[in-house]
Amino acid sequence: MVEPPGSKSISHRALNLALIGRQPVTIENLLDADDISAFRAVLVAMGWRLRSVSDSELRVEPGRGDGPEDAVRLDCRSAGTLLRLLVASCAVTPGEWILDGSPRLRERPIGPLVAALRRLGAEIDELGRPGCAPVRVRGGRLAGGRVEIDAGESSQYVSALLMAALAAEGPIELLAPVLVSSPYVDTTLEVMADFGAPVEVRRDGEAREFRVEPRRPEPVNGRYRVAGDDSAAAYPAAAAPISGGSVCRRGHTPGASHGARAVRGLLERMGASVRATEEEIRVEADGGLTALDCDLSAMPDQAPTLAAAAAFADGTTSIRNVAHLRIKESDRLAAVAAGLRRAGVAVDELTDGLRIEGNPGLVATPGSARIPIDTYDDHRIAMSMALVGMRRGGLSIRHPEVVDKSYPGFWRELSGIRR
């Protein structure tokens, strides 16, 4: 039985809405992983008090006063979501904030978000490479109005602005003509609604327009429970048909909107057996795997997962419309292609995706040396290549601890999958 941890995406948003609301909140089932640890440390640096109410509950309480007198440096480590949310949240939080992080984080773009915030009156200085961290944010004021944002490389720009708009001086209308990874914005809207702050949304083809009325976000009775992480659950789900075993996940919620849940439909199309009830979801091998042609623009984080399954499918799998994977924790298209090639899989790396020649009979040669696989300090590369290793064998995942970024229990749960 697999029990994925609390959702990383939802944990980020719950903490961010508490920050914007500037009031005490008790959060249940918060993810205990590196990225959320970074957010917790940021809150402490901003003067918040955090205390564990129980093993599964965290109480977050704002400090007193109108903000620190001196500039405060906030270390986002390698958490791209945290950086982008904070750029906007600090714009509405009194004080002077310097946002920085790891060398890789300094390469990840935030330019369109900074530009949109400036058009709304935010004071933001870029202290290094234009459009990247480190940045200085002089917070406390965000005007209302209408603004357009280029969200063609990250949906997090939209999520950050939507939540910060709750503390603006007037209503904000946000237009996103192009929006990648739109299910993550749907998650933001769901969490905002849970905090009593619904958003008006209009759709016109691919474009979306949002209207946010300023209000203090507050969950019912000051408590919020983080749902399980469906992105994390996709790895053990894919492990079942890859390894020829089965996996059962407790706590499944049918009908929820997050795009990662669509992975089970892709696994079914590849030949897996998937059965879902209100209590659980079970995935089992059902013969061999079949290649797919799939557009993963709505759920790009699952491209490495599907690539692992495609390595053993009958035929050629095409993964398309995920060019923005090149600006994640690593260049995930290049990293996945390199890992699969080292495992003996034929891969063409495309500008916006991968073409993978499946090999259902791929196994390690008895007595051969173990092949080291680089993870590029990226949790999703480690987890996807681990799936390949379950069936191919003979692989050694370098720096396996990188999974602590989002799924600390991954190795334990992967070892428990029935084969």
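Residues numbered from 1 in each chain as written. Predicted model: local features only at pLDDT ≥ 70, side-chain atom pairs only at ≥ 80, totals over all residues. Heavy atoms only, no water.

Participant: Looking at this model, I keep getting lost on the overall build of the protein. Mind explaining?
Facilitator: Each helix and strand counted, the protein has 12 helices and 21 strands in total. A compact globule built from 419 residues should have a C-alpha radius of gyration of about 22 Å, and the protein, at 21 Å, falls within 12% of that. The buried share among the 419 residues of the protein stands at 57%. Sequence-distant contacts in the protein: of pairs separated by 6 or more residues, those separated by 24 or more amount to 73%. Where the 52 positive side-chain charges of the protein centre and where its 56 negative ones centre are 2 Å apart. (Helix = DSSP H or I, 4+ residues; strand = E, 2+ residues; numbered from the N terminus. Rg over C-alpha atoms; globule rule 2.2 N^0.38 Å. Buried < 20%, exposed > 50% of the residue type's maximum accessible area, 1.4 Å probe, protein only. Contact = heavy atoms within 4.5 Å. Lys, Arg positive; Asp, Glu negative; His and termini not counted. Charge placed at Lys NZ, Arg CZ, Asp CG, Glu CD.)

Participant: What should I look at first to understand the sheet that holds strand β8 (residues 145-148) in this one?
Facilitator: The strands that make up a sheet pair up through hydrogen bonds in the backbone, lying either parallel or antiparallel. Overall, mixed pairing links the four strands, which are arranged β8-β9-β11-β10 in an open sheet. Because the sheet does not close on itself, it has two edges, and the strands there are β8 and β10 (200-204). Between one strand and the next, the sheet's axes are offset by a mean angle of 15 degrees, whatever the strand orientation. With four bridges joining them, β8 and strand β9 (residues 172-176) adopt parallel strand pairing. The partner of V147 across the bridge, within β9, is L174. Where helix α5 (residues 156-164) meets the sheet, it contacts β9 and β11 (207-212), and its direction lies at approximately 170 degrees from that of β9. (Pairing = 2+ DSSP bridges. Axes fitted to C-alpha atoms, helices over the stretch in contact; angles between N-to-C directions.)

Participant: It is not clear to me how the nonpolar core should be interpreted in this structure. Could you clarify?
Facilitator: Nonpolar side chains in soluble globular proteins tend to be buried together. Within the largest apolar cluster, 77 residues are counted, with the highest numbers of intra-cluster contacts made by V87, L99, V158 and L162. It is helix α3 (residues 80-91) that contributes the most residues to this core, eight residues altogether. With sequence-adjacent residues up to four places away left out, L99 is seen in contact with L74, L83, L86, V87, C90, A133, P134, V135 and V137. (Core = buried A, V, L, I, M, F, W, Y, C linked by side-chain atoms within 4.5 Å.)

Participant: Just to check I follow, could you spell out the pairing of strand β19 (residues 354-357) for this structure?
Facilitator: A regular strand carries its side chains on alternate faces of the sheet. Taking every second residue as pointing to the same face, the buried face of β19 carries L354 and I356, while none of R355 and E357 on the other face is buried. Summarising the sheet, strand β17 (residues 316-320) and β19 pair through four bridges and their orientation is antiparallel. Bridge pairing in β19 links T316 to E357. Examined bridge by bridge, strand β18 (residues 346-349) and β19 share four bridges and lie antiparallel to one another. Note on β19: the bridge partner recorded for V347 is I356.

Participant: Help me understand helix α11 (residues 379-392), please; the structure alone is not making it clear to me.
Facilitator: Structurally, the α-helix is built with 3.6 residues per turn, so residues lying three or four positions apart point the same way. Helix length check: α11 (14 residues) gives 20 Å between terminal C-alpha atoms against 20 Å at 1.5 Å per residue, within 8%. In terms of burial, α11 is a largely internal element, 12 of the 14 residues being buried. At the C-terminal side of α11, G393 shows a positive phi close to 70 degrees. (Expected span 1.5 Å × (residues − 1).)

Participant: So what exactly am I meant to see when it comes to the side chain of R392 here?
Facilitator: Relative to the helices and strands, R392 is located in helix α11. Despite its burial, R392 pairs with no opposite charge; the closest candidate is D374, at 15 Å N-O. Discounting chain neighbours no more than four positions away, the residues touching R392 are F312, A343, L362, V363, A364 and I371. (Salt bridge = Lys/Arg side-chain N within 4 Å of Asp/Glu carboxyl O.)

Honestly, it's all geometry; don't read function into it.
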